[in-house]
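Understanding the architecture of this molecule
Residue strings, one per chain:
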Amino acid sequence: MSTSFEKYQKRRLVSSYFSVVISIALVLFLLGMLGLLVLNTKKVADHFKEQIALTVYLKDNAKEVEIEQLKKSLAMADYTKSTTYVSKEEAAEAHSKEIGEDFMGFLGYNPLQNSIDVYMNADFVSGEQVDAIAADLTSKNFVDEVVYDKPLIALLNENVKKISFWVLIASGVFTFIAVLLINSSIRLSVYSKRFIIKTMQMVGATKGFIRRPFIWQSIKLGIIGAIIALIGMAGALYYLNNSFPQLALTSDLKILAGLFIGVFAMGILITWLSTFFATSRFLNLKTDELYY
């Protein structure tokens, strides 16, 4: 009979520990992925900014030397990420494929112009800076006009600010929820042993002596949960990096290492604090209050 009861108690204990570990792992995983999103918000925004092209249309009488000088000066400019020269013949061919017919055969000539597509570094993609760059390029006598999507740049910058703000708010809220969830799981685990705590206290054990095994046990559970969460994060990061290689999510290993260490440390810190306060609460209760 006692053997069956002991087995039952062990199953309950294992089930309790398993639920705590899973709770910790899920919460830390979600928190880690949110941290990954926060760290890469600027990188994602920069990626979209750098897809916006500023197109410089050249006059038909532009000399080859002038075009080459412009291409070199653009390539060396601080604001330039990359440039692509598109001849009027290439533009005509691309346009014919797009509309599905040879428009030059109908018109009898090529109305398009030679152009240079300039893709800028993200830090320079703002209304004022792009306006200044466009004005400087337009001032050259062999440049016909400079075209770019000004409303799109304004909308993109506005949305980036809004998204960054709400991501920070969400991070704070989720961090608070994460602490509450882990704290609740730990408190339930300690609550199930409240009579053992009070019995040890009644036979003369000090609070530190009683609290120590509970804290160590919770820290172990926190470490296991954190390791599971980190494995999940590594898998998700691997998948995202392969799916979106242009974002280069693993390019900064120091930041990623800091995030992983932070998640691991948070798993230990939250479980330690939660266990400390939970055991202190039951240590300070009177015996009659344990039943409520």
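Before reading further, recall that the structure is shown in the block above.
Below you will find a few notes about this structure. Every chain is numbered on its own, with residues counted from 1 as its sequence reads. Local features in a predicted model are, by the rule used here, given only for residues with pLDDT of at least 70; side-chain atom pairs are given and counted only at 80 or more, and totals for whole chains, interfaces and linings are based on all residues. Excluding hydrogens and water, the side-chain values take into account all heavy atoms of the structure.

When two helices pack together, their arrangement is given by the angle between the helix axes and by the axis-to-axis distance. Angles shown run from 0 to 180 degrees and are taken between the N-to-C directions of axes, each axis being a line fitted to C-alpha atoms and, for helices, limited to the stretch in contact. By the criteria applied, helices consist of DSSP H or I runs no shorter than four residues and strands consist of E runs no shorter than two, each listed in order from the N terminus. Where helix 7 (residues 194–202) contacts helix 8 (residues 207–243), the two axes come as close as 9 Å, and the packing angle between them is 150°. The pairing of helix 7 with helix 8 is recorded here as roughly antiparallel in orientation. Considering the relative orientation of helix 7 and helix 8, their crossing is right-handed. In contact with Ile197, Met200 and Gln201 of helix 7, helix 8 contributes Lys207, Phe209, Ile210 and Phe214. Residues are grouped as follows: Ala, Val, Leu, Ile, Met, Phe, Trp, Tyr, Cys and Pro are nonpolar; Asp, Glu, Lys and Arg are charged; every other residue, Gly included, is polar. Taken together, the residues of the contact of helix 7 with helix 8 break down into five nonpolar, one polar and one charged. Working definition: roughly parallel below 35 degrees, roughly antiparallel above 145 degrees, roughly perpendicular at 65 to 115 degrees, and oblique for all remaining angles. Note: crossing handedness is left-handed where the near helix turns anticlockwise from the far helix by less than a right angle, and right-handed where it turns clockwise. Any two residues whose heavy atoms approach within 4.5 Å are treated as being in contact.

Moving on, we come to the packing of aromatic side chains. For Phe, Tyr and Trp, where Trp contributes only its six-membered ring, two rings pair if their centres lie within 6.5 Å, and the inter-plane angle classes them as stacked under 30 degrees, edge-to-face over 60, or tilted in between. Counted under the stated rule, the structure contains four aromatic pairs. Ring plane angle 75° and centroid distance 5.3 Å describe the contact between Phe165 and Trp166, whose orientation is recorded as edge-to-face. Each residue is placed in one exposure class: buried if its accessible area under a 1.4 Å probe, protein chains only, is under 20% of its type's maximum, exposed if it is over 50%, and partly exposed if it falls in between. For Phe165, a relative accessible area of 48% corresponds to the partly exposed category. Relative accessible area serves as the criterion here: at 57%, Trp166 is assigned to the exposed category. Each ring, one from Phe276 and one from Phe277, has its centre 5.5 Å from the other, and the planes form 85°; the classification is edge-to-face. Ring pairing ties together the aromatic residues Trp272, Phe276 and Phe277, which thus form one cluster. Definition used: whenever NZ (Lys) or CZ (Arg) falls within 6 Å of the ring centre and also within 35 degrees of the ring normal, the charge is taken to sit over that ring. Positioned above the aromatic ring of Tyr85 is the side chain of Lys71, whose terminal nitrogen or guanidinium carbon lies 4.6 Å from the ring centre.

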